[in-house]
Amino acid sequence: MKKTFTTKCKVLCLALSLSGFGSFTQAQLLMEEDFNFTTGTDVVGQNGWSKGSTETNNVTVVSPGLAYPGYPNVETTNAATFVPTTCRIQKNFEGGSLSGTYYYSFLINVSSALATGDFFIGFYSNAAFRGRTYLKSSGTGFQLGLVKTTTGTVTYTSGTPLSFGTTYLVVVKYEFQPGTTDDIVSLYVNPNLSQSALGTPDVGPLTDAGNDVTSNVLALQGRANTGNFVLDGIRVATSWAGIKGETIKTHSLELPKFLSSNMVLQRETPLKFFGWGTAGDTVKVEFKREGIVLKDSIEVGSDNCWKIQLPEQTACTEACELKISVLHQPQLSQTLTNILVGDVWFAGGQSNMEKKVSHLLDAEDFIREADNYQLIRSCRAAYNAINELQDRVNGSSTPWFVCNSAEVGEKVAAVAYVFARRVFEQTNIPIGIMQSYRGGTELETWMSQEKLTTDPGLRKVAGRKASQDPSSTANYQSIHFNGQINPLIGFPIKGFLWYQGESNIKRALEYRFMMKKLIEDYRTLWNMGDLPFYYVQMFNILAASEFEEGNWTDIREQQAFLLLDNVKNIGMAVGIDTNEDPTNKDDAVRMHPKNKTPIGERMARIALKNTYGFNDMLAEGPSISRYKVSNDTIYLYFKNYGTGLKIKDGEATLKGFAISGADKSFKIATATITNDSTVAVKSSLVPNPVAARYAWARNPICNLYNSENIPASTSRTDIWPSKVTYENFTSTFNADEDADLMAIKINGTPLGEFNPQQLEYTITVDGNFLDVTAIKNSPFSKLEITKNAAGDEVTLTVTAENLSQKVYKVKLHSSTGKKDIVADSFPINIFQEGKLMVLENKSENNYSVRIYNATGLCLIADSLNQNAQKGYALAAGAYIVYLNSASESKCVKFLLKS
């Protein structure tokens with residue numbers, strides 16, 4: 001089925017002018033010169049002309065220029081004048097290795113000539129002219145001559161001499177003869193420009209077994225015996241049509257760099273192939289897998305783009321083949337082999353994503369074992385810092401290759417490869433890694449200009465351009481998106497892996513907001529829905545500390561906040577424990593930890609659970625879900641704890657916690673794991689604590705893990721402003737007007753029903769400890785929280801940078817806690833969190849727990865200590881829960897929903 005495709009190839013072609021790709025293009029014109037310079041000036045130094053000899057007579061510009069009927073693009077103003085012993089001038093022309101046929105042409109007007117004659121124009125090669133044109137007097141006029149090299153005999157025009165003072169068009173044709181030195185030259189005087197062929201030469205064809213042309217140089221010179229003459233309208237071309245300035249139809253087929261053999265095509269989504277060609281040509285695509293052939297054809301659009309979509313495919317581990325051809329142009333056909341169908345993951349960011357497998361602590365093992373994982377493939381978009389959108393990647397980019405032992409060490413990002421290997425081991429699905437990264441780069445350099453300039457929330461950040469250096473190859477906005485992301489957008493992928501942030505610490509408080517916008521940008525451009533986006537939280541760096549304020553902790557918190565920002569299908573891998581040598585004197589070692597295997601594995605766990613359906617897998621580290629203060633102790637309740645929180649293997653004392661009173665002065669605290677999900681934190685120096693923090697330092701001394709040995713991340717219960725002073729940047733935009741909140745938290749638990757446009761909320765809360773906090777949406781706004789005298793209403797006032805305000809009100813109704821409470825007077829909450837039945841003991845008593853299914857079978861027999869919380873993984877259904885303490889007991893029915 002043939003279709004016509006005339007749109008702008010969406011993002012791929014972007015209406016760019018693709019030189020050499022129109023349906024009709026100028027025919028192989030390699031050089032033209034009309035000497036349209038200032039009269040009396042030296043030609044040398046203008047438009048690429050250089051001096052190639054020591055004569056003292058310069059080639060100068062004279063007026064008027066020469067004209068010839070039908071000869072293209074000749075200016076009627078100026079020309080170049082030559083006299084005997086005028087210096088040689090020369091100029092390079094376009095083109096690769098010289099082969100086939102070349103032409104040069106010129107207009108000449110001779111005022112006088114000498115009887116002995118000499119050459120004055122030709123290709124310049126091996127320190128001598130080749131295909132040389134001569135001039136000598138003959139009676140009342142002159143003759144033109146031709147020879148291939150210095151060893152040949154000059155042959156002059158015959159018949160009536162050419163006239164002095166008359167302008168002539170002269171064309172020299174130089175034909176390479178492959179495998180010989182007997183190239184052929186011919187000379188034509190005033191050839192018919194209306195003819196499709198040159199016709200019979202006035203001199204030649206001549207052969208001469210001397211040196212051939214070997215360089216792309218045309219040279220001019222007034223020799224001692226040539227005489228006086230003027231030249232104009234010089235052209236070099238590979239065809240007679242090029243000399244005449246005609247357009248001719250060309251046929252071409254160009255594929256993107258990453259449409260290559262060994263690639264992985266994204267499964268379960270339509271196969272998309274695209275490229276460039278000649279408008280009007282028909283491109284045919286044939287995809288072969290396991291005896292099945294899928295094919296379609298399309299007409300190349302007027303913008304020289306083509307795009308074909310074939311039906312989606314399931315995963316395929318057998319080598320497939322893709323043939324792309326142009327109708328009636330078999331010489332353009334390309335066949336790509338050893339193709340797989342699986343999942344393609346985009347790996348991007350800065351240097352810690354860029355570091356290769358050879359950088360790993362356990363690199364030797366991964367490289368040696370790579371031959372066992374040849375269904376993992378990769379490709380890479382090379383550095384291409386550029387201020388204009390590109391539809392092609394840099395030519396030094398690496399097409400798809402098999403990640404075997406010979407290739408994987410120096411060509412594949414370590415984090416991405418560990419991720420790919422772990423996912424493959426669990427799924428047996430071929431994995432492709434599309435790499436695009438560059439060290440030392442800020443987040444907005446990877447974002448599109450369209451997003452930066454059209455998203456209302458990004459106006460302030462877009463305005464930062466005024467304070468940047470546009471020549472920066474690292475950190476001018478969109479400079480890496482343009483050349484390393486935009487060309488990839490047409491390739492269907494499974495999701496994104498992102499490791500970046502080190503270069504944004506000087507503006508850490510903006511990071512969550514910017515990351516959200518980057519994710520929106522990429523998902524919009526790929527147009528494949530809410531593609532998974534998994535990223536790495538910043539690692540530990542510099543000297544170890546139990547507590548310190550800093551931009552490193554600020555950016556970690558911003559990365560964690562993104563998980564609360566209603567962004568679908570994202571996940572964060574904690575890297576707080578991966579820098580094995582943070583105080584090394586070598587900056588490269590400090591900033592680029594080699595212990596990246598845990599990072600790749602943690603990202604793989606997130607993907608396996610959230611993307612591949614391994615629902616029972618614990619994928620993320622412990623994080624505070626809520627908290628409460630009881631006397632001198634803060635109880636922190638964690639989620640993602642698995643079968644229970646633990647201290648890092650090999651250590652005995654829990655570390656990393658600090659608490660503060662209302663004075664905001666944090667003290668190192670004693671912490672105890674009281675049950676599977678709860679940590680109690682206290683300090684004799686803080687008798688009335690109000691806030692707790694964990695791992696709050698660049699390189700924190702901390703050791704809280706879950707049962708799968710995934711660490712807890714930097715976190716805190718307060719929202720006190722950072723003590724870091726951040727730089728202000730110049731912006732061409734007005735002050736930011738965003739006065740929204742991103743989230744409201746009650747005792748650390750985000751309101752699930754929060755909407756930034758809803759300004760009033762009525763909440764039922766645990767009356768023992770009421771703490772309302774919030775996260776503002778804009779990094780440029782300010783937040784103030786106040787309570788009324790009765791303590792049952794909290795006002796949250798957000799003031800935007802432009803001083804506009806939003807006022808949110810939270811009215812608090814006190815009860816014993818969650819909506820699934822057992823009874824108002826009973827101190828046990830039972831509620832559902834994910835697929836867990838959670839029991840929370842809010843009293844100072846210990847309880848025994850028995851959980852029965854609907855048939856009366858006892859499934860759980862356990863204990864629940866004072867101020868503790870436990871979760872039980874049970875199938876959806878109805879249960880009976882018996883709770884007993886020394887003083888009271890209760891029987892409760894509970895429905896666990898799917």
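These numbers come from a predicted model, not from an experiment.

Here the focus is the overall build of the protein chain. In terms of helices and strands, the protein chain carries twelve helices and 56 strands. Taking 2.2 N^0.38 as the reference for a compact globule, 898 residues should give roughly 29 Å; the C-alpha atoms of the protein chain span a radius of gyration of 38 Å, well beyond that estimate. With respect to the principal axes defined by its C-alpha atoms, the protein chain has extents near 135 × 60 × 50 Å. Relative to all contacts within the protein chain whose residues are 6 or more apart in sequence, the contacts with residues 24 or more apart total 70%. Side-chain charges of the protein chain comprise 85 positive and 90 negative groups, with the mean position of each set lying 2 Å from the other.

Judged by pairing direction, the sheet is antiparallel, and its seven strands sit side by side in the order β4-β7-β16-β9-β10-β11-β12 without closing on themselves. At either margin of the open sheet sits one strand with a lone partner, and together these are β4 (50-51) and β12 (155-156). For β4 and strand β7 (residues 86-92), the ladder comprises two bridges, and the chain directions are antiparallel. Its bridge partner lying in β7, S50 is registered against Q90.

So, on to helix α12 (residues 597-610). Look at α12: 20 Å from first C-alpha to last across 14 residues, which is about the 20 Å you get at 1.5 Å a residue. The buried fraction of α12 is high, at ten of 14 residues. Within α12 the residues assigned to the buried category are T597, P598, I599, G600, R602, M603, A604, I606, A607 and L608.

The next point concerns the sheet that holds strand β33 (residues 623-630). Taking strand neighbours across the sheet as the criterion, the four strands line up as β33-β34-β39-β38 in an open arrangement whose pairing is antiparallel. The outermost strands of the open sheet, each flanked by one partner alone, are β33 and β38 (670-673). On average, adjacent strands in this sheet sit at an angle of 25 degrees to one another, irrespective of strand direction. Two elements, strand β34 (residues 633-639) and strand β39 (residues 678-682), share five bridges in a ladder whose sense is antiparallel.

Here we come to helix α5 (residues 414-427). Note: α-helices contain 3.6 residues per turn, so residues at a spacing of three or four share the same orientation. Under the 1.5 Å per step criterion, the end-to-end length of α5 is 20 Å for 14 residues, consistent within 8% with the ideal 20 Å. Judged by how many residues are buried, α5 sits mostly within the fold: eleven of 14 residues are covered. Of the residues making up α5, those classed as buried are A414, V415, A416, Y417, V418, F419, A420, R421, V423, F424 and T427. Positive backbone phi, approximately 60 degrees, marks N428, located one or two places after α5.

Two aromatic rings, taken as a pair, are described by how far apart their centres are and by the angle between their planes. For the structure on display, the rule yields 42 aromatic pairs. Ring geometry for Y134 against Y156: centres 6.4 Å apart, planes inclined by 80 degrees, an arrangement best described as edge-to-face. A residue pair is termed long-range when its members are at least 10 positions apart, and Y134 in strand β10 (residues 128-138) and Y156 in strand β12 qualify at 22 residues. Here Y134 falls in the buried class, since its relative accessible area comes to 9%.

For strand β21 (residues 271-277), the tally of buried residues reaches six of seven residues, placing the bulk of the element in the interior. One ladder, built from two bridges, connects strand β19 (residues 253-254) with β21; its direction is antiparallel. Within β21, the position partnered with L253 by the bridge is G277. Where β21 lies against strand β24 (residues 305-310), six bridges are found, and the strand directions are antiparallel. The residue of β24 that forms the bridge with F274 is K307.

Overall, the prediction assigns the protein chain a mean pLDDT of 90, with 94% of residues at 70 or greater. Of the regions scoring below 50 in pLDDT, residues 1-25 engages in 72 contacts with residues more than four places distant in sequence or in other chains. Here residues 816-824 is a poorly scored stretch, pLDDT under 50, and it has 27 contacts once near neighbours within four places are set aside; other chains count.

Attention shifts here to the pairing of β39. The element β39 is largely enclosed, with a buried count of four among its five residues. In this structure, β38 lies alongside β39, joined through four bridges in antiparallel fashion. Across the sheet, I673 pairs through a bridge with V679, a residue of β39.

This part covers the state of the cysteines. Taken as a whole and judged by the stated rule, the model has zero disulfides. The cysteine C316 is free of any disulfide, with C320 supplying the nearest cysteine sulfur at 3.7 Å. Exposure remark for C320: the relative accessible area of 3% places this residue in the buried category.

Moving on: the environment of W720. For W720, the position within the fold is in the loop between β42 (715-716) and β43 (741-746). We classify W720 as buried; its relative accessible area is 18%. In this structure W720 touches S660, G661, K664, F666, V690, A691 and R693, once residues within four positions along its chain are discounted.

Evaluated as defined, the whole model comprises 46 salt bridges. A salt bridge links D118 to R223; the shortest N-O distance between them is 3.4 Å. With D118 in strand β9 (residues 118-125) and R223 in the loop between β16 (217-222) and β17 (228-237), the pair connects residues that are 105 residues apart, well separated along the chain. The partner of K244 in a salt bridge is E246, with the nearest N and O atoms 2.9 Å apart. Taken together, the shared-partner salt bridges in this structure form one network comprising D365, R368, E369, R421, R422, E425 and E601.

Quick look at the nonpolar core now. Core analysis: the biggest nonpolar cluster contains 143 residues, and W306, W498 and Y522 have the highest contact counts within it. In this structure, Y522 is in contact with F346, W446, F481, I485, F496, W498 and F533, ignoring residues within four places of it in sequence. Within the second largest apolar cluster, 45 residues are counted, among which are V59, F123, F176 and V189.

Closest axis-to-axis distance for the α5/α12 pair is 7 Å, and the angle between their directions is 45 degrees. Considering the angle they form, α5 stands oblique to α12. Crossing of α5 over α12 shows right-handed handedness. Across the interface between the two elements, V415, V418, F419, R422, V423, Q426 and T427 of α5 pack against T597, I599, G600, E601, M603, A604, A607 and L608 of α12.

On to the side chain of D391. Summarising the element assignment, D391 is placed in the loop between β27 (376-380) and β28 (398-402). Only 3.3 Å separates the side chain of D391 from the side chain of W276, close enough to count as a polar contact. There is a polar contact of 3.1 Å between the side chain of D391 and the side chain of R392.

Excluding glycine, most residues fall at negative phi; most peptide bonds, likewise, are trans. Note the cis peptide between S63 and P64, where omega equals 5 degrees. Here P64 is to be found in the loop between β5 (60-62) and β6 (79-82). Omega for the peptide link from G204 to P205 comes to 0 degrees, which places this bond in the cis form. Within the secondary structure layout, P205 lies in strand β15 (residues 203-208).

Turning our attention to the environment of F831. Structurally, the position occupied by F831 is in strand β50 (residues 828-833). Under the relative-accessibility criterion, F831 is labelled buried at 4%. In the structure, F831 is positioned 642 residues away from V189 in sequence and 98 Å away in space, judged by C-alpha atoms.

Calculation rules
- Every chain is numbered independently, its residues counted from 1 as its sequence is written.
- Whole-chain, interface and lining totals are the exception, using all residues; otherwise, since this is a predicted model, local features are given only for residues with pLDDT of at least 70 and side-chain atom pairs are given and counted only at 80 or more.
- Hydrogens and water are ignored here; the side-chain numbers use all heavy atoms of the structure.
- A run of DSSP states H or I qualifies as a helix once it reaches four residues; a run of E qualifies as a strand once it reaches two. Both are numbered from the N-terminal end.
- With C-alpha atoms as the basis for the radius of gyration, the globule rule is written as 2.2 Å multiplied by the number of residues raised to the power 0.38.
- Between two residues, a contact is recorded if the distance between any of their heavy atoms is within 4.5 Å.
- Residues scored as positive are Lys and Arg, those scored as negative are Asp and Glu, and His as well as the terminal groups of each chain are ignored.
- Lysine's charge is taken at NZ, arginine's at CZ, aspartate's at CG and glutamate's at CD.
- Note on pairing: DSSP must find at least two bridges between two strands before they are called paired.
- Expected span, for any helix, means 1.5 Å times one less than how many residues it has.
- Each residue is assigned to one of three classes by its accessible area relative to the maximum for its type, calculated with a 1.4 Å probe on protein chains only: buried under 20%, partly exposed between the two thresholds, exposed over 50%.
- Under this scheme, a helix contributes an axis fitted over its contacting stretch, all axes are lines through C-alpha atoms, and angles between N-to-C directions fall in the 0 to 180 degree range.
- A pair of Phe, Tyr and Trp rings is counted when the ring centres sit within 6.5 Å of each other, with Trp represented by its six-membered ring. The angle between the planes then sorts it: under 30 degrees is stacked, over 60 is edge-to-face, the rest tilted.
- Each residue carries a pLDDT score, the predictor's own confidence in it, on a scale running from 0 to 100.
- Criterion for a disulfide: a pair of cysteine sulfur atoms at a distance within 2.5 Å.
- We define a salt bridge as a side-chain nitrogen of Lys or Arg found within 4 Å of a carboxyl oxygen belonging to Asp or Glu.
- Here the nonpolar core consists of buried residues drawn from Ala, Val, Leu, Ile, Met, Phe, Trp, Tyr and Cys, with membership extended through side-chain atoms lying within 4.5 Å.
- Every angle not falling under 35 degrees, over 145, or within 65 to 115 is termed oblique; those three ranges are roughly parallel, roughly antiparallel and roughly perpendicular.
- A clockwise turn of the near helix away from the far one marks a right-handed crossing, whereas an anticlockwise turn of less than a right angle marks a left-handed crossing.
- Definition of a polar contact: a pair of N or O atoms within 3.5 Å, with one able to donate and the other able to accept a hydrogen when the atoms are protein atoms, and with sequence-neighbouring residues admitted only if both atoms are side-chain atoms.

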